[in-house]
Amino acid sequence: MHTARLRNTKEEFRVGKIICVGRNYAEHAKEMKADLPESPVLFLKPSTALVDDGGTIIIPPIKSELHHEVELTVLIETGGKNITEQSALSHIAGYGIGLDMTLRDVQAEAKKKGLPWTLAKGFDTSAPISEFIPASKVNNPHALDIKLRLNGVVKQNSNTRHFIFRIEQLISYISQFFTLEPGDIIFTGTPEGVGPVRPGDHLEAELSEPDGELLVSLKVAVR
């Protein structure tokens, strides 16, 4: 059983669905040579993809072009179907930082053949997550700095104000097709700067307020 922790509380959420959003930053879509989406692009990861802070990402033996993608994560507290944008933020337990690890060569090959790319995104250890800070402790989830360091060097550095689709839009849209349940996690998309990682690398992700206050962080190794 995989769980998500809410900081400074006794609450642990059993994770069900991990719903990920693609192309939610214009600059990332540009670097991937992809069109801007008219509606959210969604894919799923299994809960077995989760890795906690301090854990290890294990590169599958099939391919070697593994890329990092840092993202704001959203933990659902109150589930629902057809959630309105106006009420969407009230369904959130907390916010965290996560990594959508992607086998880029597997994904590219699948796209070329018109095949699903679940394997590229959903393999074991492909979804490292931090603990979650309660939503009430976050001033504005659309004004948060997200950063990723690879071996101490900043590779991704952006702010959630650059979302194409805001969090309330994502929750409302997702809930039209997937009933949201307590413990579901939404990965909200990655900014530009994605790139390869190799065995022995160390990744550090941070979610901060605009004034520099660190909210949550995540450290993982690669093997």
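Residues numbered from 1 in each chain as written. Predicted model: local features only at pLDDT ≥ 70, side-chain atom pairs only at ≥ 80, totals over all residues. Heavy atoms only, no water.

A few points about the sheet that holds strand β16 (residues 195–197)
Strands belonging to one sheet form pairs held by backbone hydrogen bonds; the direction of such a pair is parallel or antiparallel.
(1) Moving on: Taken together, three strands build an open sheet; the order of strands is β10-β7-β16 and the sheet is antiparallel. If you trace the sheet from one side to the other, it starts and ends with β10 (102–103) and β16, each paired once.
(2) Moving on: The sheet contact formed by strand β7 (residues 66–68) and β10 spans two bridges and is antiparallel. Across the sheet, the residue bridging to His67 is Thr102, located in β10. (Pairing = 2+ DSSP bridges. Helix = DSSP H or I, 4+ residues; strand = E, 2+ residues; numbered from the N terminus.)

Considerations on the pairing of strand β14 (residues 153–159)
(1) Moving on: Across six bridges, strand β13 (residues 145–150) lies against β14 in antiparallel orientation. If you follow Leu148 over to β14, its bridge partner there is Gln156.

Focus on the nonpolar core
(1) Moving on: Counting residues in each nonpolar core, the largest one holds 45 residues, and the members touching the most others are Tyr95, Leu99, Ile171, Leu203 and Leu207.
(2) Moving on: Every element with two or more residues in this core is listed here: β3 (18–22), β8 (70–76), β9 (92–99), β13, α4 (167–177), β17 (202–208) and β18 (214–222).
(3) Moving on: It is β18 that contributes the most residues to this core, five residues altogether. (Core = buried A, V, L, I, M, F, W, Y, C linked by side-chain atoms within 4.5 Å. Buried < 20%, exposed > 50% of the residue type's maximum accessible area, 1.4 Å probe, protein only.)

Some remarks on the side chain of Thr190
(1) Moving on: Its place among the elements puts Thr190 in the loop between β15 (185–187) and β16.
(2) Moving on: Residue Thr190 is classed as buried on the basis of its relative accessible area of 2%.
(3) Moving on: There is a polar contact of 2.9 Å between the side chain of Thr190 and the backbone oxygen of Val70.
(4) Moving on: Side-chain polar atoms of Thr190 contact the side chain of Gln156, separated by 2.9 Å.
(5) Moving on: Leave out the neighbours within four places in its chain, and Thr190 touches Tyr25, His28, Glu69, Val70, Glu71 and Gln156. (Polar contact = N/O pair within 3.5 Å; in protein donor to acceptor, adjacent residues only side chain to side chain. Contact = heavy atoms within 4.5 Å.)

Quick word on the pattern of salt bridges
Two side chains bearing opposite charge may form a pair once their charged atoms approach each other closely.
(1) Moving on: All told, the structure shown has 12 salt bridges when counted by the stated rule.
(2) Moving on: The salt bridge involving Lys17 is made with Asp184; its shortest N-O contact spans 2.8 Å. With Lys17 in the loop between β2 (12–14) and β3 and Asp184 in the loop between α4 and β15, this pair connects stretches of sequence that are 167 residues apart. With respect to class, Lys17 is no different from Asp184; both count as buried.
(3) Moving on: As a salt-bridge pair, Lys45 and Asp100 come within 2.8 Å of each other at their nearest N and O atoms. With Lys45 in strand β4 (residues 41–45) and Asp100 in the loop between β9 and β10, this residue pair connects regions lying 55 residues apart in the sequence. Of the two residues, Lys45 and Asp100, neither departs from the other in class, the shared state being buried.
(4) Moving on: If you follow the salt bridges from partner to partner, you end up with Lys45, Glu69, Asp100, Arg104 and Lys121 in one network. (Salt bridge = Lys/Arg side-chain N within 4 Å of Asp/Glu carboxyl O.)

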